[in-house]
Each structure stands twice: as structure tokens, then as C-alpha cells.
Amino acid sequence: MDHLALEDHLALESQLALEGGTPVRTAPYPAWPQWDAQEERALLETLRSGNWWAPPGNQVHAFERAFADYHEARYGIACTNGSAAIEIALRAAGVDWGDEVITTPYTFIATAASCLLVGAIPRFADLLPNTWNLDPDQVEALITPRTKAILPVHIAGEPADMDALRAVARKHGLVLIEDAAQAHGAMWNGHKIGALGDMGTFSFQASKNVSSGEGGMILTNSQEWAERCWSIVNVGRSPEGAFYQHVNLASNYRLAEWMGAVLRVQLGRLEEQTERRLANAAYLAEALSVVPGLTPVPGDPRTTRNAYHLFRVWYDPQAFGGKSREAFSAAMEAEGIPMRAGYPEPLSRQQVIVQRSAYIRQRLGLPAQEPDPCPVCEDVCRRGMWLYQSLLLAEQSDLDDIVAAAIKVQRAWGG
Ligand SMILES: Cc1ncc(COP(=O)(O)O)c(C=O)c1O
């Protein structure tokens, strides 16, 4: 950032907006989702085609092909949403009542809830502080005879350590499923994520970097996993079977043609938007170095490309007069900067997860178990903050306002 411009900006006003001062910024950041006449045309064409159903159509099929190709995967199976995608992948992998799945405590609840919804017990390994992703050593330490699968999340668009996790999964004969709901287009060690494990799941919910409001996808390189997922998505049919022949017990998880039509256009924007987010994230990380107490998450040097669904920072209350991250978030919000506190507690302590896990253990006659301790995750839940991906689509001068607001609050509170 231009240092003089920053000083000029700060000289204008030192009273926090929270206390009646003038906010650093009143203009909105880029809205999300973004669309134009291409999505309108795709939707109208689908409407007028008279075919709104995916099986005989070409919108969802074409999107499955394009999304799989983009992620260097052989097969893509679209489904209703990212939560269902995880459940489908777990079911395809044969994860069942009483099995254990090792996952991360720092994610949206769907990751762990999906395990419980297929009857499995999620076990929570702690995080690496430099990525907020699963620590592979902690994963290995949690393996028991009940463990069936490992379910890492590429949190915020930062890939988990897939080299180490693949090695652990192979060594112990476990299925490896990537929850890539936040990581469209991310790359680990030179390769796109999504089919680096056995299966990978994605979300196209409204906030995601590729969106149709709702939607999901499973990627895999295995024909066997692909056919199992396809069957579960399609009410238990088999690809070659008759219409009323059902070889598996399953529900209907199909996506409608509308979504396929919009997603095809949205996918076409992903590469350019991802590159823009990357460049802006690098600029912002550098610019934030002048703010005491805010440290961008450094990431793993083997991350070839962070998808930046979220731009994450460590917040140090010491530098802000001991104020909590929630107080800082409120002050930033008042200055016109939507910088939010991250997940509030590790999933290992969320009551619905704890209670359902206890219920399954009880039904199996297993002794009660304390929540898995996750001290690094506890720290992230106290001090972790983020900015949404759409802010990184702004101009660099808009990002300067984030730094200006943070300095303003830091000077007011931290001296
Ligand atoms: C990491 C993660 N997993 C799973 C999901 C669930 O996706 P959906 O909202 O499409 O069900 C989300 C999104 O909200 C997510 O962020």
C-alpha cells in the first residue's frame, strides 16, 4: 500500500465508527454471486427446451464432464448439495453404522453431520497451525479397528496435506474422501484437488466460488466408486438397469437442468476469478504486515494454488487492548469492512455432534467417550478471523480500506 495514502486516510478521523466517528468505507464490496446475460440466456434456453430433468438432458451431464475435466478427474456425479455429496461418498465407500471416520474439527457442521447421518462416528484430529487443516500425525494416532475413512477438508480453499494423508490411508487400508466444498480449482503439489483421494465432494451453495444457489458434486477417478455414487444419486438404479429396477436402497439426489445450465457458465468464470483472488490475496497479505496483531495464515509451501474461499488471519487480542475477535469484528463492520470471526467452537464439542456420537456408541454397547481434545483448533476458534472470497474480487484500492480500518481500530485500542 502507498504509505502516504494510508496516513492521509487515517489523519482524517481517529474516532471509531462504532463510537460515532466516520467509517473508513461506505461503498459496498463486490456482491456474490455474479452473473450476466450468459446465465440469463442459459436459463431461458433451458426453459424453452421443455426439458427440465437431468437424465434425458444435456446441461447437468455437460457440467459433470466439464467440472471433472477442470479438476483432472475421470468422473463427476452431480447431486443436490455439498452435504448430500459427503453422505453419498461415505455410503458409496460402504461406511456404515458404528464405523469411525476421522475428520477435522474446524469446518462447517455438514462434514461431521454427514458421518453421523450414515450412522458413523466422527473422530476429530487436531489441526496444523500454519494451514488450519488436519494434522496427518494426529489422524494416524486416532485410527482404531473401527476406522473406515479419512475425511479432510480443504478449509477456506487451502488444500490439506494430501501427500501425507494419502500415505496414512494407504498404510491402513482406509478410504480417503476430500471435502472440497470450499476449494474449487485449488491445487496441491501441482495437481488440482478433488480426485487426489478416492472421492472428492463439492458444494455449489450460494456463497461458494462456483454457485447455482444449491448444488453438489462428487469427483473420482474410479469407475467403481463413480457407479456406486451414480446409483445412490439415482434412487438406487444401476446405469444399465431398467427404469423400475433398483439395486440399492437410496433416495433421489439429482440436480435439475436449471442448475446445470447456470453452473456451466459459472465454471467458465472460475479460472479468471481464482487468479484475481490469488493476486489480491498476495497484495492484502503484504499490506496487512503493517498492522500489529493481524497475521495472515501462511499456508503450506506445497500449496500450488489456494482457492481463497476465505482469506484467513490470526487475530492477537494483546495488540488490540485485550479485546476479543468478536469485538474487533464489530468495530471493523462499523468501519465498513466485513471481517468476521471464524467458526465459534471445534465440532468435537458441538452438542448435536457430541450427543449423536454418544447415542451411537450407547446403541453399540461401547463405553462413553470424552470429546477428542483439539488444542490448536480451540486457539483457531478463539483467534481465527476471515474475509469472504468476493472481497478479493475488488480493486486493490478497495483492499487498502481493510488495512486502513484495521490500523484505525488498532491505534484506538492498542495504543
Ligand atoms: C466445508 C464444507 N463442507 C460441506 C458443506 C455443505 O455444503 P452445502 O451447503 O452445499 O450442503 C459446506 C458448505 O456450506 C462446507 O463449507
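## Looking at the layout of surface pockets
- The calculated volume of the largest pocket comes to roughly 450 Å³.
- If you trace the largest pocket, you find 23 residues lining it, with His 61, Glu 64, Ile 77, Trp 230 and Asn 234 closest to the centre.
- Of all the secondary-structure elements, those providing two or more residues to the lining of the largest pocket are helix 3 (59-70), strand 1 (75-79) and helix 8 (223-233).
- With 5 residues, the top contributor of residues to the lining of the largest pocket is helix 8.
- Looking at the lining of the second largest pocket, the elements with two or more residues in it are helix 4 (82-92), helix 5 (110-117) and strand 14 (384-388).
- No other element matches helix 4, which puts 3 residues into the lining of the second largest pocket.

## Observations regarding the side chain of Ser 357
- Structurally, Ser 357 can be placed in helix 11 (residues 351-363).
- Exposure remark for Ser 357: the relative accessible area of 11% places this residue in the buried category.
- In this structure Ser 357 touches Leu 116, Ile 121 and Pro 122, once residues within four positions along its chain are discounted.

## Details of the sheet that holds strand 13 (residues 340-341)
- In space, the 4 strands of this open sheet follow the order 10-12-14-13, with antiparallel pairing throughout. Every other strand in the sheet has two partners, leaving strand 10 (294-296) and strand 13 as the edge strands with one partner each.
- Relative to strand 14, strand 13 is paired through 2 bridges, and the arrangement is antiparallel. From the neighbouring strand, Ala 341 faces strand 14, where its bridge partner is Met 385.

## Some words on the nonpolar core
- Counting 38 residues, the largest nonpolar core has Phe 67, Val 139, Ile 150, Ile 193, Phe 202, Phe 204 and Met 217 as the members making the most contacts within it.
- If you list the elements that add at least two residues to this core, you get helix 3, helix 7 (162-172), strand 9 (216-220) and helix 9 (257-287).
- Among the elements that take part in this core, helix 3 stands out by supplying 5 residues, more than any other.
- Beyond its immediate sequence surroundings of up to four residues, Met 217 is in contact with Phe 63, Glu 64, Phe 67, Gly 76, Ile 77, Ala 78, Cys 79, Ala 85, Gly 200, Thr 201, Phe 202 and Phe 204.

## Observations regarding helix 7
- Buried within helix 7 are the following residues: Met 162, Leu 165, Val 168 and Ala 169. Projected onto a plane normal to the axis of helix 7, the buried residues spread over an arc of 125 degrees and lie on a single side. Every exposed residue of helix 7 that faces more than 90 degrees away from the buried side is listed here: Arg 170 and Lys 171.
- On the buried face of helix 7, the contacting elements are helix 6 (136-141), strand 4 (147-151), strand 5 (175-179) and strand 6 (187-188).
- Two to three positions downstream of the cap, the backbone nitrogen of Asp 163 sits 3.2 Å from a side-chain oxygen, assigning the N-cap of helix 7 to Asp 161.

## Re the packing of aromatic side chains
- The final tally for this structure, using the stated rule, is 15 aromatic pairs.
- Centre to centre, the rings of Tyr 106 and Trp 386 are 6.5 Å apart; their planes meet at 65 degrees, and the pair counts as edge-to-face. Of this pair, Tyr 106 sits in the loop between strand 2 (100-103) and helix 5 while Trp 386 sits in strand 14; the two residues are 280 residues apart in sequence, bridging distant segments of the chain. Both residues of the pair, Tyr 106 and Trp 386, count as buried.

Rules and cut-offs
- Residues numbered from 1 in each chain as written.
- Predicted model: local features only at pLDDT ≥ 70, side-chain atom pairs only at ≥ 80, totals over all residues.
- Heavy atoms only, no water.
- 1 Å grid on protein atoms, 1.4 Å probe; cavity = no way out; pocket = protein on both sides within 12 Å on 5 of 7 lines; lining within 4 Å.
- Points joined across faces, edges and corners; volume = space filled by probe spheres on them.
- Helix = DSSP H or I, 4+ residues; strand = E, 2+ residues; numbered from the N terminus.
- Buried < 20%, exposed > 50% of the residue type's maximum accessible area, 1.4 Å probe, protein only.
- Contact = heavy atoms within 4.5 Å.
- Pairing = 2+ DSSP bridges.
- Core = buried A, V, L, I, M, F, W, Y, C linked by side-chain atoms within 4.5 Å.
- Arc of directions from axis to C-beta.
- Polar contact = N/O pair within 3.5 Å; in protein donor to acceptor, adjacent residues only side chain to side chain.
- Phe/Tyr/Trp six-rings, centres within 6.5 Å; stacked < 30°, edge-to-face > 60°.

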